[in-house]
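# Architecture at a glance
Each chain is listed here by its residues.
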Amino acid sequence: MKKKLALLLAGMMALSSLTACGSGASTGSAQENSAQEETQASSEETASESEGETAAEADAADYSGTLEVWSWTTDPEYQIEAFEKAYPGVKVNFTLIGTDYDTKMQTIVDNRTEGPDVFYADVKTVKNYIESDAWENLSADPYNADTSDLEDYTVTLASDDEGNLRAMTYQATPGGFWYKRDLAQKYLGTDDPDEISEMLSTMDGVLEVAETIKTQSGGATHMFASYKDIWQFANYGMRTTPWVQDGKFQMDEYVSEFFDVAKLIRDNGYDAKIDTWSEAWYASCADDSVFGYVEPTWGLQYVIMTGAPESEGNWGIASMPAAYFNGGSYLGIYQESQNKDLAWLYVNFVCNNDEFLTQYAQDKGDYTGKKSVNAAIAESGYEESWCAGQNTFEFFSSQMDKINTSLVTKYDDTIGNLLLNNVDLYLNGQLDKETAIQQFKDDVASNYRRLDVE
């Protein structure tokens, strides 16, 4: 991380230290004060500073006990280390659960059996846990969570129908198009993020760039790894109607258009036909077969750095025809927890502590869930070394106000997968478009028998 961010962190830590220590007594000029006054003032100042430091340490020492935290991701390991350093009297037992995490957690929640004090949820399951009344109401006493400085869409996603906050997050996840700068320069004549963003500002523009790359590379480089990249931003960026409203399934008008766009991409060789999260997908980050990837903030850390660890400096990120977000981890206090005071201490620290979140951004390069922290980093002149010095925090900040969370429902992940399954059948020639769309509706009806599907 660059010097400016390090200085910003140091400044925030210094401010925190000053706040903890208090102002102390002013001694004035040595020439203007008597020896007695100078001695007395000096003693008072020393005592004040000592008392302030002791008070800060005592505040942390007031907390002791053991906390149980569960998640399906290893992200909490970093957070727990920082938390235990800040509160040495609290021991956090972390349980990492595999692919059956949500099945296990939902069973525990539904039966109100013993479980963790704090548990994490991916954005796709947050609404499930909220509707199951799994988490404490953080808007009520004794928590009274202040959401004024949290990124707005994360608050909306983590709130119930009455507007009560049920969970919090340490990250906001707006996205863009991560592209390889050497290929952009070679085939498009520029690697400048602003110029690439202008090229990709419309869907027609996206397809024109895809054709140019195909032509200029002789078919060796594809715009996307898979046509499904388009769905990454179209899911919450191009749709305008929630999948389900008042118990009724609604098929957005964009769905038909997505079938057409997907076929155009496949028929013209604009995608490399690589499955997301496969070994080939990661490997394509390190070669010239794929130009770029539609991924959110964490795409840099978990996709690019993982798949192409030697490619630092060769990436840029540009905007797409519509702003979008994808993923994100949320954590809340389990209603059956017997350690709710410690649980709140942990949740609030991970999601709302300026010093921790600034350090998190420095160490991980991830965009945080707090407005003031993100703004301070963006305005500090942040330079991401993996993106040739591009201010990625400034870029992500420019996308935040465009994100539409009114589309989010607890059905999104399952219905989205059912849609893509039928698009696959259409692209492979197994079904025509009309039949594939009808089968998509039938699949939704089979999976959700209580929904009204026409």
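From a predicted model like this one, the values you see are computed outputs, not experimental measurements.

Regarding its fold elements, the protein presents 19 helices and 10 strands. Considering the protein as a whole, with its 454 residues, one finds that 49% of them fall into the buried category. Put simply, of all contacts in the protein between residues at least 6 apart along the chain, 74% involve residues at least 24 apart. Carbon together with sulfur atoms contributes 44% to the accessible area of the protein, which is approximately 20500 Å² in total.

The subject of this paragraph is unusual backbone geometry. A negative phi angle is the norm for most residues apart from glycine, just as the trans form is the norm for most peptide bonds. With an omega of 0°, the peptide bond between Asp141 and Pro142 qualifies as cis. In this structure, Asp133 takes a positive phi of about 55° despite not being glycine. Overall, Asp133 belongs to the partly exposed group, its relative accessible area being 35%. Positive phi values are uncommon outside glycine, yet Ala388 reaches one of about 55°. The topology assignment puts Ala388 in the loop between helix 16 (371-379) and helix 17 (392-400).

Quick look at the nonpolar core now. By size, the foremost hydrophobic cluster in this structure holds 84 residues, and its most contacted members are Phe119, Leu331 and Tyr346. Here this core takes nine residues from helix 14 (residues 340-352), the largest share from any one element. In this structure Phe119 touches Trp70, Tyr101, Met105, Val109, Tyr129, Ala134, Trp135, Tyr330, Leu331, Gly332 and Tyr334, once residues within four positions along its chain are discounted. Core analysis: the second largest hydrophobic core is formed by 53 residues, Tyr187, Trp231, Ile265 and Val444 among them.

Our next topic: the environment of Glu195. Its place among the elements puts Glu195 in helix 8 (residues 193-199). Accessibility expressed as a relative area gives 45% for Glu195, which makes it partly exposed. Between the C-alpha atoms of Glu195 and Ala318, which are 123 residues apart in sequence, the distance is 8.5 Å. Among the polar contacts made by the side chain of Glu195, one reaches the side chain of Thr190 at a distance of 3.1 Å.

The next point concerns the side chain of Lys370. Mapped onto the fold, Lys370 is located in the loop between helix 15 (354-364) and helix 16. Lys370 sits in the buried class, given a relative accessible area of 8%. Polar contacts involving the side chain of Lys370 include one to the side chain of Asp354, which spans 2.6 Å. Those residues in contact with Lys370, other than ones at most four positions away along the chain, are Asp149, Leu150, Glu151, Asn352, Asp354 and Leu357.

This paragraph deals with the packing of helix 18 (residues 412-427) against helix 19 (residues 433-447). For the pair helix 18 and helix 19, the least separation of the axes is 9 Å and the interaxial angle reads 150°. The orientation of helix 18 with respect to helix 19, classified from their angle, is roughly antiparallel. With respect to the hand of their crossing, helix 18 and helix 19 are arranged in right-handed fashion. Between helix 18 and helix 19, the residues in contact are Thr414, Ile415, Leu418, Leu419, Asn422, Leu425 and Tyr426 and Lys433, Ala436, Gln439, Phe440, Asp443, Val444 and Asn447, respectively. For the contact of helix 18 with helix 19, the per-class residue count stands at eight nonpolar, four polar and two charged.

Attention shifts here to the environment of Val290. Turning to its location among the elements, Val290 is positioned in the loop between helix 12 (279-284) and strand 8 (292-296). Judged by its relative accessible area of 0%, Val290 is buried. Between the C-alpha atom of Val290 and that of Lys180, which follows or precedes it by 110 residues, the distance is 8.7 Å. With near-sequence residues (within four places) excluded, Val290 lies in contact with Lys180, Leu183, Thr221, His222, Met223, Phe224, Ala225, Ala272, Ile274 and Ser284.

The element strand 10 (residues 329-333) is extensively covered by neighbouring structure, given that five of its five residues are classed as buried. The alternating pattern of strand 10 places Ser329, Leu331 and Ile333 on one face and Tyr330 and Gly332 on the opposite face, and all of these are buried. Here strand 3 (residues 118-122) runs beside strand 10; their pairing, made up of five bridges, is antiparallel. Bridge pairing links Val118 to Ile333 in strand 10. Bridge analysis of strand 4 (residues 168-169) against strand 10 gives two bridges, and the strand direction is antiparallel. Bridging from a neighbouring strand, Thr169 pairs with Tyr330 of strand 10.

Glancing now at the sheet that holds strand 3. Taking strand neighbours across the sheet as the criterion, the five strands line up as 2-1-3-10-4 in an open arrangement whose pairing is mixed. Only two strands of the sheet have a single neighbouring strand rather than two, namely strand 2 (90-96) and strand 4. Where strand 1 (residues 65-71) and strand 3 come together, two bridges link them in parallel fashion. Paired with Val69 across the two strands is Val118, which belongs to strand 3.

By secondary structure assignment, the location of Asp412 is in helix 18. Residues contacting Asp412, with those up to four places away along its chain left out, are Tyr236, Trp243 and Leu407.

Our focus in this paragraph is helix 11 (residues 254-267). Taking 1.5 Å per residue, 14 residues should reach 20 Å; helix 11 reaches 20 Å between its end C-alpha atoms and fits that length. When we look at burial in helix 11, the residues that qualify are Tyr254, Val255, Phe258, Phe259, Val261, Ala262, Ile265 and Arg266. The elements touched by buried residues of helix 11 are helix 9 (203-217), helix 10 (228-237), helix 18 and helix 19. Just past helix 11, the residue Gly269 takes up positive phi, approximately 70°.

The next point concerns the sheet that holds strand 5 (residues 175-180). The strand order 8-5-9 describes an open sheet built from three strands, whose pairing is antiparallel. Of all strands in the sheet, those bounded by a partner on one side alone are strand 8 and strand 9 (315-318). Along the sheet, successive strands turn relative to each other by an average axial angle of 30°, direction set aside. Sheet analysis places strand 5 next to strand 9, joined by four bridges and oriented antiparallel. Across the sheet, the residue bridging to Trp178 is Ile317, located in strand 9.

Procedures and definitions
Throughout this description, residue numbers start from 1 for each chain and increase along the sequence as written. Only residues with pLDDT of at least 70 get local features here, since the model is predicted, and only at 80 or more are side-chain atom pairs given and counted; chain-wide, interface and lining totals rely on the full set of residues. Processing note: side-chain calculations cover all non-hydrogen atoms of the structure and skip hydrogens and water entirely. Numbering of helices and strands starts at the N terminus; helices are DSSP runs of H or I of at least 4 residues and strands are runs of E of at least 2. Only protein chains enter the area calculation, which uses a 1.4 Å probe; residues under 20% of their type maximum are buried, those over 50% are exposed, and those in between are partly exposed. Contact between two residues is taken to exist if any of their heavy atoms lie within 4.5 Å; hydrogens are not considered. Note that accessible areas follow from Shrake-Rupley with a 1.4 Å probe, and for residues the cover is restricted to the protein chains shown. Put simply, buried Ala, Val, Leu, Ile, Met, Phe, Trp, Tyr and Cys residues joined by side-chain atoms within 4.5 Å make one nonpolar core. Any N or O atom pair separated by 3.5 Å or less is treated as a polar contact, with the protein-specific requirement of one donor-capable and one acceptor-capable atom, and with residues adjacent in sequence counted only for side-chain atom pairs. For every element, the axis is a line fit to its C-alpha atoms; helices are fit only across the contacting stretch, and the angle between N-to-C directions ranges from 0 to 180 degrees. In what follows, roughly perpendicular refers to angles from 65 to 115 degrees, roughly parallel to angles under 35, roughly antiparallel to angles over 145, and oblique to any angle outside these ranges. By convention the crossing between two helices is left-handed if the near helix lies anticlockwise of the far one by an angle smaller than a right angle, and right-handed if it lies clockwise. Just so you know the grouping, Ala, Val, Leu, Ile, Met, Phe, Trp, Tyr, Cys and Pro go in nonpolar, Asp, Glu, Lys and Arg go in charged, and all remaining residues, Gly too, go in polar. For two strands to be treated as a pair, DSSP must find at least two bridges joining them. To estimate the expected span of a helix, subtract one from its residue number and multiply by 1.5 Å.

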